[in-house]
Amino acid sequence: MAQSQQNTGMFGSMSEVKLNELRKMIVGLDTEDLQRLSIFVNDPDAFSQEISGLLPTSIKLMLEKGDISYSVLMPVVESALKDSVKQNPKVLADVLFPIMMPAIRKAVADDLSKMIESLNSTLENSFSPKRLGWRFKSMFSSSSYAEIVLSNAYIFRVKQVFLIHKQSGLLLGEVSDNRSSVTKNSDMVSSMLSAIKDFVQDSFDTKQQNELDTIKVGQFNIWIEQGPHAILAAIVEGNAPAEYRTILKETIEIIHLKQSYELEHFEGDIEVFKKSDAYLESCVISEQKEKKKKRPIIIMLLFAILVGGLVFLLYNSFDSKLRINKLENALRIESGIIITNNDNNNGKIVFEGLRDPLASNPIKFLAIYDVDTSEVVFSFKPYISLEDELILKRAYFVLEPPTSVILSVNNHLLFAEGEADKKWVDMALTNYVKIIGVNSFDITSLLVINNNKTVKKHVNSKKLSIESYYFVFNYNKVKLDSKQEIKFKNFITEVNRLLDFDFSQDSIPVIVVIGHTSYKGNAVANKTVAFERAQQFISLMAEAAIPIEVLVPKTDYIEDTNDEFPVRSVSFKIVYSKPEDL
Amino acid sequence: MIKKKIVMLGSFAVGKTSLVQRYVNSIFSEKYLTTIGVKIDQKIIKVSNAEVNLLLWDIHGEDDYQKIKPTYIMGSSGCFIILDGTRKATLDVGLKLIETVKQTAPNSSIIILINKSDLKEEWDISEDDIKNLKYKGYEVIETSAKANTEVEYAFKRITQLMLN
């Protein structure tokens, strides 16, 4: 036992070094290596720390070789993320914060910008007649106002679209609206645009996410949409809707998706980008104005009404002035009217002056010259005119001459001519002095006649006519046949003319109705019959409203066949006499 | 058609603008140089039966007050570094600009143009300086905008380099 221990101890002391060498020869590891490995085996933390440096490289190599795939790793990563969020969401939030916040901010800013742009456009176009029309349209259609505005508010035209290489500023492709004059020297323009973009971004903003997206040049807006390798620049005339931005974004995205390699490795050959022209063309859009330009009927109508109104007012004013001028001229030459002043008072012309009471009434001139009382006012004070015309009027007014007398005035001398009875002449000679303006009265040309003579003359003028009438009747019969009725009517008219006279004097004309008979047979009886015939005829005349007082019946015998009137006739004789003398 | 972006860099008053003025199609006024620091010109050149559309970015000369914006250099295929032979200081600026170009547009072909060759007697940049540049691998062309010397060639040459 003791020897064994001794051997062991000796072997142990001698063999430790040799054993180590032997072990190194066999397994290639010395004691230190074994101790290190022992630590890895016994201490997982230390082991984990050791392999942590190798694991990423190892996974990368495995992925490259295809030993594992992303789809294998995905559930692990997803689970890990889920667990992390479950346990403490703040950790992941802190990790994502620097990425998410700018992204969210950019998205919100983009949306706000779009909304403001849209709102601006809508507000700008809200109060025109066209937009008011849209309001009515929305009221009477199923579309909302917003829909109608969106479909009408934006009238714009994209003239040209450039695809520009972001790094070099070289023009990769361009399309243009056929109707537009395209930008010349597109290459230089696109390079300059790129330089301006770089200049603006470098000068005013250092944040990568804030990119220049619009340049306004006069009536044009250059809309810029930037991708990682290329830029879209659209030259827009007018107000494009905010939705156009989305079109540009989608276009630059799809170009990057389709030609990512070409863009990244661009070395100046632009032919390869021809295939993107179709995408660029999708950006060349426009909203045309109404195809058929409607004539501004309302404006034309209003203008016509306005012009018509003005012409009417001018014409009225001119016409009114013309008419009033004519009226004034007429009044100025009218005897007995003196105009001293005319003035415009609240749109009315006030004529002031003097007027003889016997002068023409100025109101009657209004109708002649088509002037309304709303246009003029007369303010005349009375006066006595010494003009011949007014003196004459005054003479007629004072003397009231019979129609057979004609008066005239010349230089304050009153003349009378014609016929007048003595009574009137006496009155006129007495009263002419009352006529203001008359200095003397000349009646040398006036025939002064006696009243009785006058009546006789009148009667004589009718006598022959009446006395030429006669009516023949049958036996014992006084009845007018149809022919005689006409004759009788004419006869009555003549009689009425005779009696239409001033018979106020003492003598009157009397109509003697004579019944004619003959001596044949019983002459006395014949006379009686003739007298009755005359009486019956008087009755007929009385029925015709001839005063019976002036009708006297009488009989007469026919002496021979040469007599003026036949047998059984009635004739007439006018006698100027006092009735009681008959 | 092939399109290439060429930037023209150099210190102020080295003659960048004068160098290209009569050879290019230009629509923008000089004021852009002092406002946004760049002006774009265009030149179409035929090299080996191929038409190449060159877009020349004439970039405002770098000085103490205005630095060149690297974004203007990005994406360029060629670069003219323009020096004024009569001012050696422009060489130093040019070398710094070359470094900027290498960082910003590493694949850009670079040609150094030493301008004002019509005043060669007055040059401050020596033959040794030029040899030194060539030794470093840069292609150097002596030009004169005034005398119309080697300008057209410079454009052809840089186009060849870019296409290769």
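Residues numbered from 1 in each chain as written. Chains lettered and ligands numbered in written order. Predicted model: local features only at pLDDT ≥ 70, side-chain atom pairs only at ≥ 80, totals over all residues. Heavy atoms only, no water.

Peer 1: Explain the sheet that holds strand β10 (residues 413–421) of chain A to me, and be specific about the residues and the numbers.
Peer 2: Residue and element names in this part refer to chain A. With respect to topology, three strands assemble into an open sheet ordered β9-β10-β11, the strand pairing being mixed. Either end of the sheet is taken by a strand with one partner, and the two such strands are β9 (405–410) and β11 (440–449). Within this sheet the neighbouring strands show an average axis-to-axis angle of 10°, counted without direction. Contacts from helix α15 (residues 388–399) reach β9, β10 and β11 within the one sheet, and its direction differs from that of β9 by about 145°. Lying on the sheet, helix α16 (residues 422–431) is in contact with β9, β10 and β11; it crosses β11 at an angle near 175°. (Pairing = 2+ DSSP bridges. Helix = DSSP H or I, 4+ residues; strand = E, 2+ residues; numbered from the N terminus. Axes fitted to C-alpha atoms, helices over the stretch in contact; angles between N-to-C directions. Contact = heavy atoms within 4.5 Å.)

Peer 1: An account of the packing of helix α18 (residues 482–499) of chain A against helix α19 (residues 523–543) of chain A is needed here, citing residue identities and associated values.
Peer 2: Residue and element names in this part refer to chain A. One can describe the packing of α18 onto α19 by two numbers: an axis separation of 11 Å at closest approach and a directional angle of 70°. As far as their axial angle goes, α19 and α18 are roughly perpendicular. Along its contact with α18, which presents Phe-488, Phe-491, Ile-492 and Val-495, the element α19 presents Phe-537, Leu-540 and Met-541. By residue class, the composition of the contact of α18 with α19 is seven nonpolar, no polar and no charged. (Parallel < 35°, antiparallel > 145°, perpendicular 65-115°, else oblique. Nonpolar A, V, L, I, M, F, W, Y, C, P; charged D, E, K, R; others polar.)

Peer 1: Report on empty space enclosed by the protein, specifying residues and quantitative values.
Peer 2: Residues and elements named next belong to chain A. Throughout the structure, instances matching the rule amount to one cavity of 30 Å³ or more. By volume, the largest cavity is sized at about 30 Å³. What lines the largest cavity is Ile-164, Leu-193, Ser-194, Lys-197, Ile-224, Ile-231 and Ala-233. For the lining of the largest cavity, the secondary structure elements donating two or more residues are α9 (186–204) and β5 (230–238). Sort the elements by how many residues they give to the lining of the largest cavity and α9 lands first, with three residues. Looking at the lining of the largest cavity residue by residue, the classes come out as five nonpolar, one polar and one charged. (1 Å grid on protein atoms, 1.4 Å probe; cavity = no way out; pocket = protein on both sides within 12 Å on 5 of 7 lines; lining within 4 Å. Points joined across faces, edges and corners; volume = space filled by probe spheres on them.)

Peer 1: A description of the nonpolar core should follow, citing residues and the corresponding values.
Peer 2: The biggest cluster of nonpolar side chains holds 68 residues, and the ones touching the most others in it are Val161(A), Tyr244(A), Leu9(B), Trp57(B), Ile59(B), Ile81(B) and Ile112(B). At seven residues, the largest contribution of residues to this core is made by β5(A). Once you skip the residues sitting within four places of it in the chain, Ile81(B) turns out to touch Leu9(B), Gly94(B), Leu97(B), Ile98(B), Val101(B), Ile110(B), Ile111(B), Ile112(B) and Leu113(B). In terms of nonpolar packing, the next biggest core, distinct from the first, is built from 28 residues, Tyr469(A), Leu499(A), Val510(A) and Met541(A) among them. (Core = buried A, V, L, I, M, F, W, Y, C linked by side-chain atoms within 4.5 Å. Buried < 20%, exposed > 50% of the residue type's maximum accessible area, 1.4 Å probe, protein only.)

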